[in-house]
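# Structural characterization, general
Residue strings, one per chain:
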Amino acid sequence: MSPPIAPVGWSRWLVPPAALSVHLSIGQAYAWSVFKPPLEDALGLSGTQSALPFQLGIVMLGLSAAFGGTLVERRGPRWAMTVALVCFSSGFLLSALGAATQQFWLIVLGYGFVGGIGLGIGYISPVSTLIKWFPDRPGMATGIAIMGFGGGALIASPWSAQMLESFGSDSKGIALAFLVHGLSYAVFMLLGVLLVRVPRPRTEEQRADGGPATAAGPQVSARQALRTPQFWLLWVVLCMNVTAGIGILEKAAPMITDFFADTSTPVSVTAAAGFVALLSAANMAGRIGWSSTSDLIGRKNIYRVYLGAGTLMYALIALVGDSSKPLFVLCALVILSFYGGGFATIPAYLKDLFGTYQVGAIHGRLLTAWSTAGVLGPLIVNWIADRQEEAGKGGADLYGTSLLIMMGLLVIGFVANELVRPVHPSHHLGAVTAQKGAPDVRQQQSESA
């Protein structure tokens, strides 16, 4: 499948909707916490066990993005979106079979492994294309698309909760909900497959309407990027920011229930699902709002906000979160807006440092940080909560230690961001090519002598 080239006169504003159709679908992953309590009751799972499909899905997201990034660059966004459609929908169908037969390993395999591959390939499928269409506003462009991934749960969370209420929260009801998800998302993602286009090759200056122009500035290959300290510093930045956010997001529904279980205003199951939807809205708004802001104030400055103010929000939750429901919700919303903004800003940060040459492949490799965070975040929160519960504690005490750990991780990310500097010219594409050609030149001169 060759990349579909846009015809003359094609509007670049048709590309973001194509990306959104895929990202809104795979963004369902952020609504996984709605399925956690029903699965735990129906299959007798612990909180740590019910997080496994989500954790494996995030691991596979990072790994498939890392190993498939170069292939996505070569074969184009339509091929990538097709692969994402097949894997993501198939993962739900396998999970439906697992729930119907009460075989949890099938849910882990389907949603986590197969669906996770769809998550990774689908996530990076439009990023490089969007940056090439919008070289003048890369933060805004990637924010629009990646906004869909953060906002997917805004649709999926109440939709899933309603299906579980209608179909039942037993294994058969869960299976039917998975089946409907798989079929519905396949149709919706197909819209993006049919609509997406890549820009026509251009050598002239950028058009007056803001169309794509010839790449300028530093250009670094994906292989060479791995040899720079900038790549690994951004890896740490992303990993720390994601770990701090994803731990709350994965356990959002039970977490707010636990925090206010012993108060005069406990949180109902329906309200908890609504909280997940609110977090999704903040996640989505942060992706477009903060990433667009980064076009104005710079990527390094916006990450200072994500990591520094994020630490303060966690401190407020740890100290007074259980005494004020509005404060708890507000702090969580801000944290999730920073979490989403970090994802949406990182492709533009990579473009600033490494250029557009292989930014999609570099982005894919960087998402291994997400894989690591996808294990660390839920593991920290769930494992500590399980241990505290075994010790006879409850309520907000289940999460106190986890919140302190998240604060420490954000501080580490803040320091790593401060150490980021422009990439040394020796790593630029022209310099690397010259270095590779130098031995051949010397050899020719020697033979001539």
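Residues numbered from 1 in each chain as written. Predicted model: local features only at pLDDT ≥ 70, side-chain atom pairs only at ≥ 80, totals over all residues. Heavy atoms only, no water.

Labelled according to an unreviewed UniProt entry, the protein appears under the name Oxalate/formate antiporter, originating from Streptomyces globisporus. Under the Subcellular location (unreviewed entry) heading, UniProt states for the protein: "Cell membrane". (UniProt positions renumbered as here; feature names shortened; annotations may be inferred.)

### Re the packing of helix 11 (residues 229-250) against helix 17 (residues 368-390)
The interhelical angle for the contact between helix 11 and helix 17, taken along N-to-C directions, is 40 degrees, at an axis separation of 7 Å. Compared by their axis directions, helix 11 and helix 17 come out oblique. When you trace helix 11 past helix 17, the crossing you get is right-handed. Residues W235, L238, C239, V242, T243, I246, G247 and E250 of helix 11 lie in contact with helix 17, whose contacting residues are T368, A369, W370, T372, A373, G374, L376, G377, P378, I380, V381 and N382. Its residues placed into classes, the contact of helix 11 with helix 17 shows 12 nonpolar, 7 polar and 1 charged. (Axes fitted to C-alpha atoms, helices over the stretch in contact; angles between N-to-C directions. Helix = DSSP H or I, 4+ residues; strand = E, 2+ residues; numbered from the N terminus. Parallel < 35°, antiparallel > 145°, perpendicular 65-115°, else oblique. Left-handed = near helix turned anticlockwise from the far one by under 90°. Contact = heavy atoms within 4.5 Å. Nonpolar A, V, L, I, M, F, W, Y, C, P; charged D, E, K, R; others polar.)

### Quick look at the side chain of Q28
Inspection of the secondary structure puts Q28 in the loop between helix 1 (15-26) and helix 2 (36-43). With relative accessibility at 0%, the residue Q28 sits in the buried group. Leaving out residues up to four positions away in the same chain, Q28 has contacts with F35, F88, F92, Y111, G152, A156, H181 and Y185. (Buried < 20%, exposed > 50% of the residue type's maximum accessible area, 1.4 Å probe, protein only.)

### What to know about the side chain of S402
Locating S402 in the fold gives a position in helix 18 (residues 400-418). Look at S402 and you get buried, because its relative accessible area is 2%. Aside from chain neighbours lying at most four places away, what touches S402 is I380, V381 and I384.

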